[in-house]
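Descriptive structure summary
As a plain string of letters, each chain reads:
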Amino acid sequence: MVVTPGTFFEREVRQQRGFTVADKMQVLDIISKKRDGGELSEAEIEFLISKYVAGEIPDYQMAAFLMATFIRGMTRLETVALTKAMAHSGEILDLSAVPGCKVDKHSTGGVGDKVTLVVAPLVAAAGVPLAKMSGRGLGHSGGTIDKLEAIPGFQSVLSKGEFIANVERIGLALTGQRENLAPADKKIYALRDVTATVASIPLIASSIMSKKIAAGANAIVLDVKCGSGAFIPDLDGARALAKAMVDIGTDVGRHTVAVISNMDQPLGKAVGNALEVKEALMTLENKGPADVTRLSLILGGLMLFLAGKVEDPHLGEQVLKNILATGGARQKFREFVATQGGTVRVLDNPALLPSAPFKLPVLAPATGYIAKLRADIIGRTSMALGAGRRKKDDSIDRAVGIVLEGKIGDYVQEGQLLAVVHAGNENTGREAVGQVLRAYSIVPRPVAPPPLIYEVI
Ligand code: URA
């Protein structure tokens, strides 16, 4: 179809000040080029993103572009160009005042994933500055900021000055997402959410990496979750996403490594904000669940390696193991909480953290081996109890959640405790018990626990 600028375009252009007929034609050319499988230039992508953020390109045209991208995919060059355009649509944090290589860590989102609470103080205690922006939970996966806000007084939103000053002073700062960080991603993500274009590798990779690049760290360790509770359930998809993000990081000059980790069952035992803080405190005391400790050491070892602190990631793990054993990570967490206004008393006495009034046991319906513990069902059940949000502005209950006593591979006898539901009221608690039972399957034959890590890219 040949489109010529006629009166329709002229009328539209009069309504869009600063947007010429040539601009309008260029948008159509870009959309049709992507629709037909062509490769867009950096200039074309930059034009599209900057004009969209400026409000000069309407949502319906961006939606068409996103769907064309969803179907056709993007080359490495295009994905990098899209990431850069989104990162530069807002402020890029300058962390150069902080000496040394600054590292960041990102998880693509899981259930019971409290690793940031452990790995951040661990790595900072090893002398590698960590400057991290974290999100709130949305849907069935939790967010680090929601967990930290279970600590009374904790300030989760820092100004740019406070953020940089804290990294300089104690080597660690965590803040909620700043408004002006990759605003293009914010606008495009909202549109993807309502146009069935979320689950696209180049769109996810550029969305995540644009925010990481804008947040200013020199090195990035990515934890790409794979399994029933993850955004991308299959290993091939997780691999493709991990590779796309590592390629972007490499092409923009950030040391980037991705770990693909299992999310078929929740990580650790605790799911829910205050419950996860308690478990993170146990892990910082070297008494946490084996999977949380191991994943924290692996990710942390890679962070030390990328920061040039050790010659290989395994040495990094050894360094961190010692810090964990000697209480250094717990001490750094304490310093971090105090610096961000939190009540450190609760760290010594976790019973002071928010606690749910109803605790309902979930008992094994049969004798046998746990073959499944569906992370997606546990995540959704925790959300239904009030620990997570369905919509961005929902309020949450930091006390509620689920503690899983049985994990995949465990042998249980009928009537044995599988889990405990922590609920705000008895009715939602009872419903949650039914859902938790649905998440488990018990079989007569032994089952091997799934691997924690699939691969490192
Ligand atoms: N997280 C993001 O930040 N962006 C996506 O597209 C998906 C998950």
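**Thoughts on the overall build of the protein chain**
The helix and strand tally for the protein chain stands at 18 helices and 13 strands. Relative to the compact-globule value of 23 Å for 457 residues, the protein chain shows a C-alpha radius of gyration of 23 Å, a close match. When the backbone C-alpha atoms are referred to their principal axes, the protein chain occupies close to 75 × 50 × 40 Å. In the protein chain, buried positions account for 56% of the 457 residues.

**With respect to the site of the ligand**
Around the ligand lies a shell formed by Tyr189, Arg192, Ile204, Ser207, Ile208, Lys211 and Phe231. Between an oxygen atom of the ligand and a side-chain N or O atom of arginine 192, the distance comes to 2.9 Å. Look at the ligand: alone it shows 230 Å² of surface, and the protein chains cover 85% of it. Taken together, the elements giving at least two residues each to the shell around the ligand come down to helix H9 (183–193) and helix H10 (201–214). The dominant element in the shell around the ligand, judged by the number of residues it contributes, is H10, at four residues. Residues that form the shell around the ligand fall into these classes: four nonpolar, one polar and two charged.

**As for the sheet that holds strand E6 (residues 270–271)**
Ordered in space as E6-E9-E11-E7, the four strands form an open sheet in which the pairing is antiparallel. Each of the sheet's edge strands pairs with one partner strand only, and the pair in question is E6 and strand E7 (358–363). As defined by bridge partners, E7 adjoins strand E11 (residues 417–423) across six bridges and the pair is classed as antiparallel. Pairing of leucine 360 across the sheet is with valine 421, part of E11.

**Focus: the environment of serine 200**
Looking at the secondary structure, you find serine 200 in the loop between H9 and H10. The spatial distance from the C-alpha of serine 200 to the C-alpha of glutamate 414 is 43 Å, given a sequence separation of 214 residues.

**What to know about helix H3 (residues 42–53)**
An α-helical segment advances 3.6 residues per turn. Residues three or four places apart therefore align on the same side. Here H3 is 12 residues long and its end C-alpha atoms lie 17 Å apart, about the 16 Å a rise of 1.5 Å per residue gives. At its buried positions, H3 is contacted by helix H2 (21–35), helix H4 (59–72), helix H5 (76–87) and H9. Among the residues trailing H3, glycine 55 stands out with phi positive, at a value near 80°.

**Focus on the sheet that holds strand E12 (residues 440–443)**
With respect to topology, three strands assemble into an open sheet ordered E10-E8-E12, the strand pairing being antiparallel. The sheet is open, and its two borders are formed by strand E10 (411–412) and E12, each paired with just one other strand. Examined bridge by bridge, strand E8 (residues 368–373) and E10 share two bridges and lie antiparallel to one another. Note that in E10 the partner of glycine 368 across the bridge is valine 412. Contacting E8 and E12, helix H18 (residues 426–439) runs over the sheet at an angle of about 45° to E12.

**A word on the pairing of E8**
Pairing of E8 with E12, which is carried by four bridges, proceeds in the antiparallel orientation. Bridge assignment links tyrosine 369 to a residue of E12, and that residue is valine 443.

**A short note on the confidence of the model for the protein chain**
Residues of the protein chain with pLDDT of at least 70 account for 95%, and the chain-wide mean is 92. For the stretch residues 1–7, pLDDT sits under 50, and the model shows six contacts to residues farther than four places along the chain or on other chains.

**Some thoughts on the packing of H10 against helix H11 (residues 235–251)**
Between H10 and H11, the shortest axis-to-axis distance is 9 Å and the interhelical angle comes to 40°. Relative to H11, the element H10 lies oblique. Between H10 and H11 the crossing geometry is right-handed. Taken together, the residues of H11 that come into contact with H10 (itself represented by Ile201, Ile204, Ala205, Ser206, Ile208, Met209 and Ile213) are Gly237, Ala240, Leu241, Ala244, Met245, Ile248 and Gly249. Classifying every residue of the contact of H10 with H11 by side-chain character gives 11 nonpolar, three polar and no charged.

**What about the pattern of salt bridges?**
This model, assessed by the stated rule, comprises 29 salt bridges. When the shortest N-O distance is used, the salt bridge between aspartate 247 and lysine 243 registers 2.9 Å. A residue pair is termed a helical-turn pair when its members lie 3 or 4 positions apart in one helix, as aspartate 247 and lysine 243 do in helix H11 at four residues. By relative accessible area, which is 15% here, aspartate 247 ends up buried. Across the pair arginine 330 and glutamate 285 runs a salt bridge whose closest N-O atoms are separated by 2.7 Å. Here arginine 330 is found in helix H15 (residues 328–339), whereas its partner glutamate 285 is found in the loop between helix H12 (273–284) and helix H13 (290–306), with 45 residues between them in sequence.

**Remarks on the nonpolar core**
Ile151, Phe333, Phe336, Ile378 and Val421 are the most contacted members of the largest nonpolar core, which totals 82 residues. Considering every element that reaches this core, the biggest residue donor is H13, with nine residues. When we break this core down by domain, the ones giving at least three residues each are domain 2 (103–350) and domain 3 (355–443). If we skip the residues at most four places from it in the chain, isoleucine 151 touches Val277, Phe333, Val337, Gly342, Thr343, Val346, Leu347 and Leu353. Counting 23 residues, the second-largest nonpolar core is a separate cluster that includes Leu40, Leu66, Ala184 and Ile188.

**Details of the domain arrangement of the protein chain**
The domain architecture assigned to the protein chain consists of domain 1 (5–73), domain 2 (103–350) and domain 3 (355–443). For domain 1 and domain 2, the distance between their C-alpha centroids amounts to 35 Å. The interface is formed by 12 residues belonging to domain 1 together with 12 residues belonging to domain 2. Broken down residue by residue, the surface that domain 1 buries against domain 2 is led by Tyr52, Leu66 and Phe70, which jointly contribute 51%. Counting across the domain 1 and domain 2 interface gives one residue pair in polar contact (both at pLDDT 80 or more). Looking at the side of domain 1 that touches domain 2, the elements with two or more residues in it are H3 and H4. Looking at the side of domain 1 that touches domain 2, the element that brings in the most residues is H4, giving seven residues. Tallied by class, residues from the side of domain 1 that touches domain 2 come to eight nonpolar, three polar and one charged.

Conventions we followed
- Residues numbered from 1 in each chain as written.
- Predicted model: local features only at pLDDT ≥ 70, side-chain atom pairs only at ≥ 80, totals over all residues.
- Heavy atoms only, no water.
- Helix = DSSP H or I, 4+ residues; strand = E, 2+ residues; numbered from the N terminus.
- Rg over C-alpha atoms; globule rule 2.2 N^0.38 Å.
- Buried < 20%, exposed > 50% of the residue type's maximum accessible area, 1.4 Å probe, protein only.
- Near = heavy atom within 4 Å.
- Polar contact = N/O pair within 3.5 Å; in protein donor to acceptor, adjacent residues only side chain to side chain.
- Areas by Shrake-Rupley, 256 points an atom, 1.4 Å probe, with all protein chains shown as cover.
- Nonpolar A, V, L, I, M, F, W, Y, C, P; charged D, E, K, R; others polar.
- Pairing = 2+ DSSP bridges.
- Expected span 1.5 Å × (residues − 1).
- Contact = heavy atoms within 4.5 Å.
- Axes fitted to C-alpha atoms, helices over the stretch in contact; angles between N-to-C directions.
- pLDDT = per-residue confidence, 0-100.
- Parallel < 35°, antiparallel > 145°, perpendicular 65-115°, else oblique.
- Left-handed = near helix turned anticlockwise from the far one by under 90°.
- Salt bridge = Lys/Arg side-chain N within 4 Å of Asp/Glu carboxyl O.
- Core = buried A, V, L, I, M, F, W, Y, C linked by side-chain atoms within 4.5 Å.
- Domains from an automatic or database assignment.
- Buried area = accessible area lost by both parts, 1.4 Å probe.

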